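Overview (structure and organization)
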Amino acid sequence: MRDLFDRIIENKGPLGKWAAQAEGYFVFPKLEGPISNRMKFQGREVVTWSINDYLGMANLPEIKKVDGDAALEHGAAYPMGARMMSGHTEFHEILENQLAEFVGKQAAYLLNFGYQGIMSAIDALVSKDDIIVYDVDSHACIIDGVRLHVGKRFTFKHNDIESLEKNLERATRMAEQTGGGILVISEGVFGMRGEQGKLKEIVALKEKYNFRLLVDDAHGFGTLGATGAGAGEEQGIQDDIDVYFATFAKSMAGIGAFLAADREIIDYLKYNMRSQMFAKSLPMIYVKGALKRLEMLKTRPELKNKLWENVNMLQNGLRDRGFDIGTTSSCVTPVYLNGSIPEAMALVKDLRENHGIFCSIVVYPVIPKGLILLRMIPTATHTAEDIEETLEAFSTIRERLQNGTYKRLSAAVAAAMGE
């Protein structure tokens, strides 16, 4: 019998094998200074395109005051314990009621973290007899939630309604045998590609198939729709989303998340979601902070307007220069280039060191081999100058990628890794 750790030592995984070359720079980088359009990286000022502070709320004085006042009044611990036992307050209820009203649902349930929250929601919503049908490009938190399911599950091709219908047919036949139901899961906005989920088309299938729809709208909440209520509002089908999920970690620049649905469903989740029943309640700092952020989301439409002004300026500029940004229909701005992982490292280092541009790099296994994805998150704090500098820098790095400069620079790294 081998030692459990032998495999871990021998095979560090597709990302972990790059740790010696990447850690501290390409992964686990340390951005310093106030959260903003420009921050410090290794002592240099860089234009930051990797911060999910869509509406620029993180450093607004009125928000920081509420955060600070809550910390002084309550400390970091209050309330102690899980909501069901000793961690429940009227402010948690107030926030839940306001969130439900904002997204047009009967009730909402506050979650202490988004990732574990939606995992636990999926686990609670389905039994062994039920079938899950979900988009193959769903976020890792959804995939991990589906893994908890002991019943059957099917994936459909990304945003492919024909594929969804084929899998609904399979799921329907199986549900008739098991006596269970069907849960379809999609995202409001897919965080890598920036595409909105085809929620309107999915909802239209409800006339033919009996299923319930769960939508993860982490990137749509606060950025899409007339009021900022998300992708469902944007597509005119918010009422047809059976369980709506969003996080505070994007537009609201905070910690926490929530589920919204009919009151009977929320009541069930409150008493059956293990991640909330057995975990500490969301601290008051974040609850009162979220209340203020939600108030500003509702009363400061100029924040979302400025965000979209910057989104359009950046995305139109990239398209005009011939860059492939896929079919994004949200703020998320992917730039696709062809190249190896070592070339991607050389390219990103050039962007940061010589052009002062910091954006996230995504490579295999998240995307197919041979592709480099530079994922950009425009915010309301970016300026026209930031965008113009970035467009110029991207034109330069594309030329160097195409003429082999990065291949030569990355040869030593590739050799060291046996690539």
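Residues numbered from 1 in each chain as written. Predicted model: local features only at pLDDT ≥ 70, side-chain atom pairs only at ≥ 80, totals over all residues. Heavy atoms only, no water.

**A look at the sheet that holds strand 1 (residues 31-32)**
Selection rule: Strand pairing is assigned whenever DSSP identifies at least 2 bridges connecting the two strands. Helix numbering and strand numbering both begin at the N terminus, where a helix is a DSSP run of H or I of at least 4 residues and a strand a DSSP run of E of at least 2.
An order of 1-2-3-12 is seen for the four strands of this open sheet, with the pairing classed as mixed. Sheet topology places strand 1 and strand 12 (357-358) at the edges, where each strand pairs with a single neighbour. Summarising the sheet, strand 2 (residues 38-41) and strand 3 (residues 44-48) pair through four bridges and their orientation is antiparallel. Paired with Phe41 across the strands is Arg44, a residue of strand 3.

**Some details on the pattern of salt bridges**
Note the threshold: Each reported salt bridge corresponds to a side-chain nitrogen of Lys or Arg within 4 Å of a carboxyl oxygen of Asp or Glu. Working definition: with a 1.4 Å probe on protein chains only, accessible area under 20% of the residue-type maximum means buried, over 50% means exposed, and in between means partly exposed.
Summed over the entire model, instances satisfying the criterion amount to 23 salt bridges. Where Arg147 meets Asp144, a salt bridge forms, and the shortest distance between an N and an O atom there is 3.1 Å. Within this pair, Arg147 and its partner Asp144 are both found in helix 6 (residues 140-147), separated by three residues, close to a single helical turn. The class of Arg147 is exposed, set by a relative accessible area of 59%. Measuring nitrogen to oxygen at the nearest pair gives 3.8 Å for the salt bridge that ties Glu162 to Lys166. With Glu162 and Lys166 both in helix 7 (residues 161-178) and four residues apart, the pair spans about one turn of that helix. Through salt bridges that share partners, Arg38, Glu45, Asp386 and Glu389 make up one connected network.

**Points about a nonpolar patch on the surface**
Our working rule: In this scheme, patches are assembled from residues that exceed 30% relative accessible area and form no salt bridge. Like charges are connected within 9 Å, while nonpolar side chains (Val, Leu, Ile, Met, Phe, Trp, Tyr) are connected within 5 Å. Values of accessible area rely on a 1.4 Å probe in the Shrake-Rupley scheme; residue burial ignores everything except the protein chains shown.
The grouping of Leu4, Phe5, Ile8 and Ile9 at the surface amounts to a nonpolar patch, some 440 Å² of accessible area in total. Looking at where Ile9 falls in the secondary structure, it is placed in helix 1 (residues 4-10).

**Regarding the packing of helix 4 (residues 90-102) against helix 12 (residues 284-299)**
For any two helices packed against each other, the geometry is given by the interaxial angle and the distance between the axes. Rule in force here: Note on method: axes are straight lines fitted to C-alpha atoms, helices fitted across the in-contact stretch only, with angles between N-to-C directions ranging 0 to 180 degrees. Roughly parallel means an angle under 35 degrees; roughly antiparallel, over 145; roughly perpendicular, 65 to 115; everything else is oblique. Working rule for handedness: look at the near helix, and if it is turned counterclockwise from the far one by less than a right angle, call the crossing left-handed; if clockwise, right-handed. Throughout, a contact is declared for two residues whenever any of their heavy atoms are within 4.5 Å. In this classification, the charged set is Asp, Glu, Lys and Arg, the nonpolar set is Ala, Val, Leu, Ile, Met, Phe, Trp, Tyr, Cys and Pro, and all remaining amino acids, among them Gly, are polar.
Running from N to C, helix 4 and helix 12 cross one another at 30 degrees; their axes reach a closest spacing of 10 Å. Here helix 12 runs roughly parallel to helix 4, going by the angle between their axes. For the pair helix 4 and helix 12, the sense of crossing is left-handed. Residues Phe91, His92, Ile94, Leu95, Gln98, Leu99 and Phe102 of helix 4 touch helix 12, and the partners they reach there are Met284, Val287, Lys288, Ala290, Leu291, Leu294, Leu297 and Lys298. In terms of residue class, the contact of helix 4 with helix 12 is built from 11 nonpolar, two polar and two charged.

**Considerations on the sheet that holds strand 9 (residues 243-247)**
Strand order in the open sheet made by the seven strands is 4-10-9-8-7-5-6, with mixed pairing throughout. Since the sheet does not close on itself, it has two edges, and those belong to strand 4 (107-111) and strand 6 (153-156), each with one partner. Across the sheet, the mean angle separating the axes of adjacent strands is 20 degrees when strand polarity is ignored. Direction of pairing for strand 4 relative to strand 10 (residues 257-261): antiparallel, over a ladder of five bridges. Across the sheet, the residue bridging to Tyr109 is Leu259, located in strand 10.

**What about the environment of Asp144?**
Placed 257 residues apart in sequence, Asp144 and Leu401 show a C-alpha to C-alpha distance of 36 Å. Residues contacting Asp144, with those up to four places away along its chain left out, are Tyr115 and Met119.

**Quick notes on the side chain of Asn310**
Along the chain, Asn310 turns up in helix 13 (residues 301-320). According to the relative accessible area criterion, Asn310 is buried, its value standing at 1%. Setting aside residues up to four positions removed in sequence, Asn310 forms contacts with Thr379, Ala380, His382 and Ile387.

**Topic: the nonpolar core**
The line we're drawing: Grouping buried Ala, Val, Leu, Ile, Met, Phe, Trp, Tyr and Cys residues that are joined through side-chain atoms within 4.5 Å yields what is termed a nonpolar core.
Within the largest apolar cluster, 58 residues are counted, with the highest numbers of intra-cluster contacts made by Val133, Phe221 and Phe258. Here this core takes seven residues from helix 12, the largest share from any one element. For Phe258, the residues in contact, after removing those within four places along its chain, are Leu99, Val103, Ala108, Tyr109, Leu110, Leu111, Phe221, Tyr244, Phe245, Ala246 and Phe248. In terms of nonpolar packing, the next biggest core, distinct from the first, is built from 35 residues, Ala344, Phe394, Ile397 and Leu401 among them.

**As for unusual backbone geometry**
Trans is the common state for peptide bonds, and a negative phi is the common state for residues other than glycine. Cis geometry marks the peptide bond from Tyr78 to Pro79, where omega comes out at -5 degrees. Positive phi is not limited to glycine here, since Gln42 has a value of about 50 degrees. Along the polypeptide, Gln42 turns up in the loop between strand 2 and strand 3. In this structure Gln42 comes out as partly exposed when scored by relative accessible area, which is 44%. Its identity as a non-glycine residue notwithstanding, Ala253 has a phi of 45 degrees, on the positive side.

**Quick word on the environment of Asp123**
Structurally, Asp123 is set in helix 5 (residues 114-125). The exposure class assigned to Asp123 is partly exposed, which follows from its relative accessible area of 28%. Taking the C-alpha atoms as reference points, Asp123 and Cys359, separated by 236 residues in sequence, lie 34 Å from one another. When sequence neighbours within four positions are dropped, the list of residues in contact with Asp123 reads Leu148 and Arg274.

**Examining the packing of aromatic side chains**
The condition that has to hold: Within 6.5 Å between ring centres, the rings of Phe, Tyr and Trp (the latter by its six-membered ring) count as paired, and their orientation is classed by plane angle as stacked under 30 degrees, edge-to-face over 60, tilted in between. Criterion for a charge above a ring: Lys NZ or Arg CZ within 6 Å of the ring centre, and within 35 degrees of the ring normal.
As enumerated under the stated definition, the model contains eight aromatic pairs in all. Look at Phe102 and Phe221: their rings are 5.9 Å apart centre to centre, the planes differ by 90 degrees, and that puts the pair in the edge-to-face class. One end of the pair, Phe102, is in helix 4; the other, Phe221, is in the loop between strand 8 (212-216) and helix 9 (231-235), and 119 residues separate them in sequence. In this structure, Phe102 and Phe221 share a single accessibility class: buried. Between the aromatic rings of Tyr244 and Phe258, the centroid separation amounts to 6.1 Å while the plane-to-plane angle is 40 degrees, which identifies the pairing as tilted. Separated by 14 residues along the polypeptide, Tyr244 in strand 9 and Phe258 in strand 10 bring together distant segments of the chain. Each member of the pair Tyr244 and Phe258 is classed as buried. Here the aromatic cluster, defined as three or more aromatic residues joined through ring pairs, consists of Phe102, Phe221, Tyr244, Phe248 and Phe258. Geometry around Phe41 places Arg352 over its ring, the cationic atom sitting 5.3 Å from the centre.

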